[in-house]
Amino acid sequence: MHVRSFQLSDVSLVTELLQAALSEECYENTLEPFSRQLSWDSDLIVVAEEEGEIVGALIGTIEKNYGCYFRIAIHPDYRRRGIGRRLVSAMESRFQARKVNGIYVVGDEHNAAALPLYEAMGYGENHIFKSVRKLSIVGQ
């Protein structure tokens, strides 16, 4: 399994992954922020690839010099294999390279299932960003 930067040719594969991995409501609430982040800074989207197939993706963003893990999606057939940890570590390195003031997890209802992953990686309650609507990639 290889974690790498998102490439423009990944758009349809990542969109399919999001649809397979997220609830319908979460998928619908993720497409617009995904598109915005792509147009603003695609380097803050990382994918996990196994044998040519994209099996995981993490959408990050930087808001007022704070890194935010916006949405993580792992294909249901590939969960519990450490893919989420690898994606978070890769994004954390990107945030650190950009010298952000801190890193937060977007704490909307759609990220509830992923919170144990983030907590296990040191992102506890004081690292949860609850004002999701204020993120620029989410819009108004």
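The model shown is predicted, which means the values in this text are computed figures rather than measured ones. (Residues numbered from 1 in each chain as written. Predicted model: local features only at pLDDT ≥ 70, side-chain atom pairs only at ≥ 80, totals over all residues. Heavy atoms only, no water.)

1. Side note on the layout of surface pockets
For step 1, the next point in the chain: Counted as a void, the largest pocket has a volume near 660 Å³.
For step 2, the next point in the chain: Forming the boundary of the largest pocket are 23 residues, of which Ile72, Ile74, Arg79, Ala113 and Ala114 lie nearest the centre.
For step 3, the next point in the chain: Of all the elements in the fold, those that place two or more residues in the lining of the largest pocket are strand E4 (66–74), helix H3 (83–97) and helix H4 (115–120).
For step 4, the next point in the chain: Broken down by element, the residue count for the lining of the largest pocket peaks at four residues, all from E4.
For step 5, the next point in the chain: The class makeup of the residues in the lining of the largest pocket is 13 nonpolar, five polar and five charged. (1 Å grid on protein atoms, 1.4 Å probe; cavity = no way out; pocket = protein on both sides within 12 Å on 5 of 7 lines; lining within 4 Å. Points joined across faces, edges and corners; volume = space filled by probe spheres on them. Helix = DSSP H or I, 4+ residues; strand = E, 2+ residues; numbered from the N terminus. Nonpolar A, V, L, I, M, F, W, Y, C, P; charged D, E, K, R; others polar.)

2. Examining the pattern of salt bridges
For step 1, the next point in the chain: Scanning the model with the defined rule gives seven salt bridges in all.
For step 2, the next point in the chain: The partner of Arg4 in a salt bridge is Glu49, and the shortest N-O contact between them spans 3.2 Å. Here Arg4, found in strand E1 (residues 2–5), pairs with Glu49, found in strand E2 (residues 45–50); they are 45 residues apart in sequence, far enough to count as distant.
For step 3, the next point in the chain: Exposure remark for Glu49: the relative accessible area of 21% places this residue in the partly exposed category.
For step 4, the next point in the chain: Of the charged contacts, one joins Asp108 and Arg71 as a salt bridge, the two residues approaching to 3.1 Å between their closest N and O atoms. Of this pair, Asp108 sits in the loop between strand E5 (102–106) and H4 while Arg71 sits in strand E4, placing them 37 residues apart in sequence. For the pair formed by Asp108 and Arg71, the shared burial category is buried. (Salt bridge = Lys/Arg side-chain N within 4 Å of Asp/Glu carboxyl O. Buried < 20%, exposed > 50% of the residue type's maximum accessible area, 1.4 Å probe, protein only.)

3. Structural notes on the packing of helix H1 (residues 11–21) against helix H2 (residues 24–41)
For step 1, the next point in the chain: The geometry of H1 relative to H2 is characterised by a closest axis approach of 10 Å and an angle of 155 degrees between their N-to-C directions. Taken as axis vectors, H1 and H2 run roughly antiparallel relative to one another. For H1 against H2, the interelement crossing comes out right-handed. In contact with Val11, Val14, Thr15, Leu18 and Gln19 of H1, H2 contributes Tyr27, Thr30, Leu31, Phe34 and Leu38. (Axes fitted to C-alpha atoms, helices over the stretch in contact; angles between N-to-C directions. Parallel < 35°, antiparallel > 145°, perpendicular 65-115°, else oblique. Left-handed = near helix turned anticlockwise from the far one by under 90°. Contact = heavy atoms within 4.5 Å.)

4. Considering the nonpolar core
For step 1, the next point in the chain: Counting residues in hydrophobic clusters, the biggest one holds 23 residues, and the most contacted among them are Leu58, Tyr69, Ile72, Leu87 and Tyr118.
For step 2, the next point in the chain: Put simply, the parts of the chain that give this core at least two residues each are E2, strand E3 (53–63), E4, H3 and E5.
For step 3, the next point in the chain: By residue number, the principal contributor to this core is H3, which donates six residues.
For step 4, the next point in the chain: Once residues within four sequence positions are removed from consideration, Leu58 is found in contact with Leu44, Ile45, Val46, Tyr69, Arg71, Ile72, Leu87, Val88, Met91 and Tyr118. (Core = buried A, V, L, I, M, F, W, Y, C linked by side-chain atoms within 4.5 Å.)

The quantities given are spatial measurements derived from coordinates; they are silent on function.
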